[in-house]
Amino acid sequence: MNQKIKLSIGLSAVLCVFFLLLLLPAFIVLQGRSPESPPNVKISQPIESQIKKEEAAVEVDSEPEQVITVYRANQETVENVDLNDYVFGVLAGEMPASFEMEALKAQAVAARTYIAQLVSQNGGKSDLPEGADVTDTVQHQVYYSNAELKKLWAADYQWKAEKIRQAVEETDNLILTYENRPIHALFFSTSNGYTEHAEYYWKNPFPYLKSVKSPWDLDSPKYLKEQTFTLDDFNKKLEVSVKPGQKLLSSVKRTPGQAIASVKIGGVVFTGRKVREQLGLASADFSMKWQGKKIVVTTKGYGHQVGMSQYGANGMAKNGKTFEEILLYYYQGVTLEPGLSFFVDGKI
């Protein structure tokens, strides 16, 4: 009996050791696994972080690049320019860096809106060389590359570039729209005290391009200008036969912006725009007088007077107005909104 008990105890001991050796590893693994981890899988935190970084990188790279194709008139070449760099180059070319920051911001939005409207209107097609979106001249918007600005500004480059870049960055992606489309964001230097209805200069009416008062322009150095013509030169440019001492202007009609709508000179009826273009005047708000045998023409304002006045914008900024207030004053009934949605496959 005692021998059987000893044998049974020995056998039990062997079985216990066997089961302990079999189950112990599994027990250890189970104790080391977090509740969220699947069996036999370890989560490497560095690898997980790397995956997230790679996913983020793919997401950024998947966004379309905002590229403007610029025809460089002097070089007769085509250049691909990042949108913000393009707006930087236009702002630098179209408005003095010495202007108030809020005026510069308003100009940055106008410049960005102008190119958005132009490219979306063309639908990615244009008559420019190699299908360029825009020229770098007053035909569209004046544009300078960064390298050109370094030469142009010389010792003043640093502060001017920083100020212009700030205006671009603080209005990043903002454009002006009307009925969910980019507007014709026209702008000019100096008004005669009023801006103009679009249809009185460009023929086509736009509900957001209406005449508004712009009294700040009277402080502009470009507000008044005199140009003197010989009688022969005057007659040749206008293709008229004005005689010495003859009344120069008659039947004068004015626009809502107080410019010349129509006028009779030497028996011929002209629009104010036609006289401005043929004589090369600063604006279509002009008067004329005799000075001996010569004719002196005095103009008020500088530019076509449609849209935003740049000196007006600067005057408003000096009076504490924000760029939003400036834009919504000169462009009636528009909306300020992000413009990224107007870019498709790298084009607006």
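Attention in this report is confined to the structure presented alongside it. Note that this is a predicted model, so its numbers are computed, not measured. (Residues numbered from 1 in each chain as written. Predicted model: local features only at pLDDT ≥ 70, side-chain atom pairs only at ≥ 80, totals over all residues. Heavy atoms only, no water.)

1. Considering the sheet that holds strand β8 (residues 250–254)
Part 1 of the reasoning: Sheet architecture is open: 3 strands sit in the order β8-β9-β10, paired in antiparallel fashion. Each edge of the sheet is formed by a strand with only one pairing partner; in this case those strands are β8 and β10 (268–271). Strand after strand, the sheet turns through a mean of 15 degrees between neighbouring axes, direction not considered.
Part 2 of the reasoning: One ladder, built from 3 bridges, connects β8 with strand β9 (residues 260–265); its direction is antiparallel. Bridge pairing links R254 to I260 in β9. (Pairing = 2+ DSSP bridges. Helix = DSSP H or I, 4+ residues; strand = E, 2+ residues; numbered from the N terminus. Axes fitted to C-alpha atoms, helices over the stretch in contact; angles between N-to-C directions.)

2. Observations regarding the layout of surface pockets
Part 1 of the reasoning: Roughly 1,000 Å³ of internal volume is contained in the largest pocket.
Part 2 of the reasoning: As for the largest pocket, its lining consists of 33 residues, of which V138, H140, F187, W202 and H304 are closest to the centre.
Part 3 of the reasoning: Put simply, the parts of the chain that give the lining of the largest pocket at least two residues each are α3 (83–94), α4 (101–122), β6 (187–188), α8 (272–279) and α9 (310–318).
Part 4 of the reasoning: For the lining of the largest pocket, the element with the most residues is α4, which contributes 4 residues.
Part 5 of the reasoning: Of the residues in the lining of the largest pocket, the class split is 16 nonpolar, 12 polar and 5 charged.
Part 6 of the reasoning: Its boundaries defined by the atoms lining it, the second largest pocket holds a volume of some 200 Å³.
Part 7 of the reasoning: At the level of secondary structure, the elements contributing two or more residues to the lining of the second largest pocket comprise β9 and α8. (1 Å grid on protein atoms, 1.4 Å probe; cavity = no way out; pocket = protein on both sides within 12 Å on 5 of 7 lines; lining within 4 Å. Points joined across faces, edges and corners; volume = space filled by probe spheres on them. Nonpolar A, V, L, I, M, F, W, Y, C, P; charged D, E, K, R; others polar.)

3. A closer look at the packing of aromatic side chains
Part 1 of the reasoning: Across all of its chains, the model carries 9 aromatic pairs by this definition.
Part 2 of the reasoning: Ring centres of Y178 and Y208 lie 5.5 Å apart, and the angle between their planes is 50 degrees; on these two criteria the pair is classed as tilted. Taken together, the residues span a long stretch of sequence, with Y178 in strand β4 (residues 174–178) and Y208 in the loop between β6 and β7 (224–230) at a distance of 30 residues.
Part 3 of the reasoning: For Y178, a relative accessible area of 26% gives the class partly exposed.
Part 4 of the reasoning: The exposure class of Y208 is buried, given its relative accessible area of 5%.
Part 5 of the reasoning: Over the ring of Y302 we find K222; its NZ or CZ atom is 5.0 Å from the centre of that ring. (Phe/Tyr/Trp six-rings, centres within 6.5 Å; stacked < 30°, edge-to-face > 60°. Buried < 20%, exposed > 50% of the residue type's maximum accessible area, 1.4 Å probe, protein only. Lys NZ or Arg CZ within 6 Å of the ring centre and 35° of its normal.)

4. Some thoughts on the packing of helix α5 (residues 146–153) against helix α6 (residues 157–169)
Part 1 of the reasoning: α6 packs onto α5 with a crossing angle of 135 degrees between their chain directions and a minimal axis gap of 9 Å. Taken together, the axis directions place α5 and α6 in an arrangement best described as oblique. Along its contact with α5, which presents N146, L149, K150 and W153, the element α6 presents Y157, K160, A161 and I164.
Part 2 of the reasoning: Taken together, the residues of the contact of α5 with α6 break down into 5 nonpolar, 1 polar and 2 charged. (Parallel < 35°, antiparallel > 145°, perpendicular 65-115°, else oblique. Contact = heavy atoms within 4.5 Å.)

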